[in-house]
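# Structure assessment
One letter stands for each residue in the lines below.
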Amino acid sequence: MSLHEQTKLEMFRVMLLARRLDERAWTLHSEKKISFHVSCIGHEAAQVGAAFALQRGHDWAAPYYRDLALMLSLGYRPLDVFLGWLGKGSDPASGGRQMPNHWSSRALHILPYSAITAASIPHAVGAALAAKMNDEESVVLAACGEGATSQGDWYEAVNLAAVQQLPIVFLIENNGYAISTPLKRQLRVSQVAAKASGLGLPGQTINGKDPFAVLEMVNQAVELARSGSGPSLVEVNVYRPTPHSSDDDDRLYRAREDVLDCKQRDPLRHTRLLLENEGLLTADKLQRFEDEARSLIEDALQEALQAPYPKPAEVGEHVYA
Ligand SMILES: Cc1ncc(C[n+]2csc(CCOP(=O)(O)OP(=O)(O)O)c2C)c(N)n1
Ligand SMILES: [Mg+2]
């Protein structure tokens, strides 16, 4: 079945919104208005493609810090994002207590993220176990980078999901780096998907330029999970044109040609060309998407800038000990 034209345009709209919001974060960081940023640039097609396979608010997601486009696809608003980035008291994830990009939403079924890489994967598997025990017919999407798959937590969780045949899809956003550590110093195999067979679940790799192809692959994995056929791993090859974060200087470990190469593989441009070639995206429509993204972002930013910081007297709230 070919994807509905409206869905394709909506996926592109979210990719564009994520890109413009991410670019805004970098300018706010250079103006010293936000303290830290981790970028989703280059990952948008992977994230939007995967998120559109979920039933919003019914299925569960365990995203990681790079998943801005995934969050927007699931209904997190630019305002929610800014409230977190600015550490404001009404930040829906943590009331301004968490690090930037450690997002979550009870209403949207988005689990909180831990700063310990891969620690969220056992949590996601727990959510899948609960969904199975409660006969919810909901599926969990657990995302992480390829570097996180070196963690013990990751192996233990994926193994348990396979043994218990849990309704979960492991999304690996493979951008070739874990901060400064390149893939070949992280893995002996050339793709993370090769690890899946040893743990007893299907694993596939796909190019992360085309959100519609990613959606098709993740849809199949979600359907397997929903029908009781257990977990799958989907690895999406993506590119990271930015440093790991705003605190990282990638000139110390990475040739400039590598960065240029990443920029040439831009998924946003690729998707725009796909839609233009299909006659779905006209110059007018593109301009409208750009204008809408700009006003959505600027309105949200103004609202978030005016929102109060958490009250000092409430600093101890939600602290266990
Ligand atoms: C247990 C642990 N070790 C190290 C870190 C520091 N750290 C934060 S992100 C990161 C790299 C993760 O790389 P990857 O999983 O490939 O995700 P990417 O950032 O490339 O998307 C590291 C080492 C951490 N947060 N937790
Ligand atoms: Mg990585």
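Relevant structure appears above.
From a predicted model like this one, the values you see are computed outputs, not experimental measurements. (Residues numbered from 1 in each chain as written. Chains lettered and ligands numbered in written order. Predicted model: local features only at pLDDT ≥ 70, side-chain atom pairs only at ≥ 80, totals over all residues. Heavy atoms only, no water.)

A separate point is the coordination of the magnesium ion (ligand 2). Note on the magnesium ion (ligand 2): its protein donors are Glu-146 (OE), Glu-146 (OE), Asn-175 (OD1) and Tyr-177 (O). The metal-donor distances range over 2.1 to 2.6 Å. When the donors of the magnesium ion (ligand 2) are listed by position in the chain, the intervening gaps give E-x28-N-x1-Y. Residue Glu-146 is found in the loop between strand E2 (140-145) and helix H6 (152-164), and its partner Tyr-177 is found in strand E4 (residues 177-178); the two are separated by 31 residues along the sequence. For the pair Glu-146 and Tyr-177, one class covers both residues: buried. (Donors = N, O, S within 2.8 Å, 3.2 Å for Na, K, Ca; no water. Helix = DSSP H or I, 4+ residues; strand = E, 2+ residues; numbered from the N terminus. Buried < 20%, exposed > 50% of the residue type's maximum accessible area, 1.4 Å probe, protein only.)

Looking at ligand 1, there are 16 residues lining it, with Tyr-64, Tyr-65, Arg-66, Ala-115 and Tyr-177 nearest. Here an oxygen atom of ligand 1 and a side-chain polar atom of Arg-66 are 2.7 Å apart. A distance of 3.2 Å is found between a nitrogen atom of ligand 1 and a backbone nitrogen or oxygen belonging to Thr-117. Taking 590 Å² as the accessible area of ligand 1 by itself, protein coverage stands at 74%. (Near = heavy atom within 4 Å. Polar contact = N/O pair within 3.5 Å; in protein donor to acceptor, adjacent residues only side chain to side chain. Areas by Shrake-Rupley, 256 points an atom, 1.4 Å probe, with all protein chains shown as cover.)

Attention now moves to the sheet that holds E2. One open sheet holds the five strands; their spatial order is E1-E2-E3-E7-E6, and the pairing between them is parallel. Each end of this open sheet is capped by a strand with a single partner; those strands are strand E1 (60-62) and strand E6 (203-207). For this sheet, the mean angle separating the axes of adjacent strands, direction not counted, is 20°. Sheet topology places E2 next to strand E3 (residues 168-174); six bridges connect them, and they run parallel. By the bridge assignment for E3, Cys-144 is matched with Ile-172. Each of E1, E2 and E3 touches helix H5 (residues 120-133); the most contacted strand, E2, lies at about 170° to it. (Pairing = 2+ DSSP bridges. Axes fitted to C-alpha atoms, helices over the stretch in contact; angles between N-to-C directions. Contact = heavy atoms within 4.5 Å.)

Once that is clear, we can look at the packing of aromatic side chains. In total, this model carries seven aromatic pairs according to the counting rule given. Their ring planes at 65° and their centres at 4.8 Å tell us that Tyr-64 and Tyr-65 sit as a pair that is edge-to-face. Taken as a pair, Tyr-64 and Tyr-65 share a single burial class, namely buried. Considering the side-chain rings of Tyr-65 and Tyr-113, the 5.8 Å spacing of their centres and the 75° angle between planes classify their relative orientation as edge-to-face. One end of the pair, Tyr-65, is in the loop between E1 and helix H3 (68-73); the other, Tyr-113, is in the loop between helix H4 (78-85) and H5, and 48 residues separate them in sequence. Taken as a pair, Tyr-65 and Tyr-113 share a single burial class, namely buried. Stacked on the ring of Phe-212, the Lys or Arg Lys-8 has its end atom at 5.2 Å from the ring centre. Lys-195 extends its terminal NZ or CZ atom over the ring of Trp-154, reaching a point 5.4 Å from the ring centre. (Phe/Tyr/Trp six-rings, centres within 6.5 Å; stacked < 30°, edge-to-face > 60°. Lys NZ or Arg CZ within 6 Å of the ring centre and 35° of its normal.)

Take it as geometry only, folks, not as evidence of what the structure does.
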